[in-house]
Amino acid sequence: MFWVLLLLLAWAVAGTACTRLCLAAVHAAAADTKEATAGRGHDLTLYEAAFLSGGPRRVADLTLVAMARQRRLLLARTGWATVVDPRGRDEMERSVIGAIGPEGQSRIEPVRDAAAAADAVGSLADRLVSDGLAVPDGARTGIAAAIRQVRFAAAVVLALGAAALLTPAQSEMPAHLVALWFALPFVLTLSCLAIARVEIHPYAQWASPAGQRLLSTLVRRSRGGEDRTYLTSVAVRGVRAIGEPDLRAAFAHRETHHRAPHPRD
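Presented here is an overview of the structure given in this document. Note that the structure is predicted; figures quoted are calculated from it, not measured.

1. What about the overall build of the protein?
And step 1. For the protein, the helix and strand inventory stands at eleven helices and three strands.
And step 2. Overall, the protein shows an N-to-C arrangement of helices and strands of α-α-α-β-β-α-β-α-α-α-α-α-α-α.
And step 3. A fraction of 74% describes how many contacts in the protein between residues 6 or more apart in sequence connect residues 24 or more apart.
And step 4. When the accessible surface of the protein is summed, it comes to about 14500 Å², and 60% of that surface belongs to carbon and sulfur atoms.

2. Thoughts on the pairing of strand β2 (residues 80-83)
Within a regular beta strand, the side chains point alternately toward one face of the sheet and then the other, so they alternate between its two faces.
And step 1. Here β2 shows two buried faces, one formed by Trp80 and Thr82 and the other by Ala81 and Val83.
And step 2. Pairing analysis gives three bridges linking β2 to strand β3 (residues 105-107), with the strands arranged antiparallel. The residue bridging alanine 81 from the neighbouring strand is serine 106, located in β3.

3. Overview of helix α11 (residues 245-252)
And step 1. Residues Leu247, Ala249, Ala250 and Phe251 constitute the buried set of α11.
And step 2. Buried positions along α11 lie against α3 (56-69), β1 (73-75), α5 (108-116) and α10 (227-237).

4. Let's talk about the sheet that holds β2
Paired through backbone hydrogen bonds, the strands of a sheet run either parallel or antiparallel to each other.
And step 1. Read from one edge to the other, the open sheet built from three strands follows the order β1-β2-β3, with strand pairing classed as antiparallel. Two strands in the sheet have a free side with no partner beyond their single neighbour: β1 and β3. With strand direction ignored, the average angle separating the axes of adjacent strands in the sheet is 20°.

5. A closer look at the packing of aromatic side chains
And step 1. Considering all chains together, one arrives at one aromatic pair under this definition.
And step 2. Relative to tryptophan 206, the ring of phenylalanine 51 has its centre 5.4 Å away and its plane inclined at 65°; by these criteria the two rings are edge-to-face. Here tryptophan 206 lies in the loop between α8 (175-200) and α9 (209-221) and phenylalanine 51 lies in helix α2 (residues 46-54), a separation of 155 residues in the sequence.
And step 3. Its relative accessible area of 25% is what places tryptophan 206 among the partly exposed residues.
And step 4. In this structure, arginine 69 packs its charged tip against the face of tyrosine 230, placed 3.8 Å from the ring centre.

6. A look at the nonpolar core
And step 1. Counting 47 residues, the largest nonpolar core has Phe51, Leu52 and Leu75 as its most contacted members.
And step 2. Here leucine 52 is in contact with Leu44, Leu128, Leu133, Ala134, Trp206, Ala207, Gly211 and Leu215, once residues within four sequence places are set aside.

7. A short note on the pattern of salt bridges
When charged atoms on two side chains of opposite charge get close, those side chains can pair.
And step 1. Applying the stated criterion across every chain yields a total of ten salt bridges.
And step 2. The residue aspartate 113 makes a salt bridge to arginine 57 at a minimum N-O spacing of 2.3 Å. Taken together, the positions of aspartate 113 in helix α5 and arginine 57 in helix α3 put the pair 56 residues apart, joining distant regions of the chain.
And step 3. With a closest N to O distance of 2.6 Å, glutamate 93 and arginine 72 form a salt bridge. Placement of glutamate 93 in helix α4 (residues 91-100) and of arginine 72 in the loop between α3 and β1 is noted, with a sequence separation of 21 residues between them. Accessibility assignment for this pair places glutamate 93 and arginine 72 in one class, buried.
And step 4. Within the structure, one salt-bridge network assembled from shared partners comprises Arg57, Asp61, Glu109, Arg112 and Asp113.

Reading guide: rules and limits
Within each chain, residues carry numbers counting from 1 in the order of the written sequence. Totals for whole chains, interfaces and linings use every residue, but because this is a predicted model, local features are given only for residues with pLDDT of at least 70 and side-chain atom pairs only at 80 or more, for both listing and counting. The basis for every side-chain value is the complete set of heavy atoms in the structure, and neither hydrogens nor water enter the calculation. A run of H or I in DSSP counts as a helix once it spans at least four residues, and a run of E counts as a strand once it spans at least two, with each numbered from the N terminus. What makes two residues a contact is simply this: any of their non-hydrogen atoms within 4.5 Å. Surface accessibility follows the Shrake-Rupley procedure with a 1.4 Å probe radius. Residue values consider only the protein chains on display as shielding. A 1.4 Å probe rolled over the protein chains alone gives each residue an accessible area, and that area as a share of the maximum for its type sets the label: buried under 20%, exposed over 50%, partly exposed in between. Paired strands, as defined in this entry, are two strands with at least two bridges between them according to DSSP. Note on geometry: axes are C-alpha line fits, over the in-contact stretch for helices, and angles between N-to-C directions span 0 to 180 degrees. Aromatic pairs are defined between Phe, Tyr and Trp rings, using the six-membered ring for Trp, whenever the two ring centres lie within 6.5 Å; interplanar angles under 30 degrees are classed as stacked, those over 60 as edge-to-face, and all others as tilted. Should the NZ of a Lys or the CZ of an Arg lie within 6 Å of a ring centre and within 35 degrees of the ring normal, that charge is described as sitting over the ring. Nonpolar cores are built from buried Ala, Val, Leu, Ile, Met, Phe, Trp, Tyr and Cys residues. Side-chain atoms within 4.5 Å join them into one set. The working definition used for a salt bridge is a side-chain nitrogen of Lys or Arg within 4 Å of a carboxyl oxygen of Asp or Glu.

Written out as structure tokens, the structure reads:
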């Protein structure tokens, strides 16, 4: 009856993972219920839209693109950023300029990382969370970790089932019935993942349901060819919304050599 022990272990792994996911979902849903009126009468800024759409790095990307379009920052297709106007107009721009450094030139990737971790972005995140528009970091990471645990549990159940079937028969239980018993906890994990895809998915993103409603409103209202419409698209969709080939290449460039070429070479 060795397969019974494996079955009990499979149920324990699947049950623990699914319970954790359910608890994380309940916690997130309770927080959203308390903030059901969040965002009413609130007009998102571009920085807020960028954070709710893609997190801190999206805010850094938006700032870089906005400064580049205003010719206050040069983003070379070789992956270098050069300061043209050292006077930042807000905290985000000053964070980018500070990340580039006193020499006025730096590779774009470390600038994006440093600007995303700046205090200005942290304050923006705290404000959005307190307004009920962003998912708290703990809730988002908790749900993501719970989903990963359920996926891992599904793989473990499959492995235990395979081990039970490959173990020399020690009972009169037919193999297809043994497989059927292991199919039950496996179906449980798949069902939890399917439900999470529909019901819990919003809480695994940066924006809360209230924040996502405001983002939808912002996108619907953003029409025409104005510069703000362009930047709104970058805030919501990221650098893939950039139309200029050179500017897109600047963000797509990755350092492949220890000694990178200088943009003026």
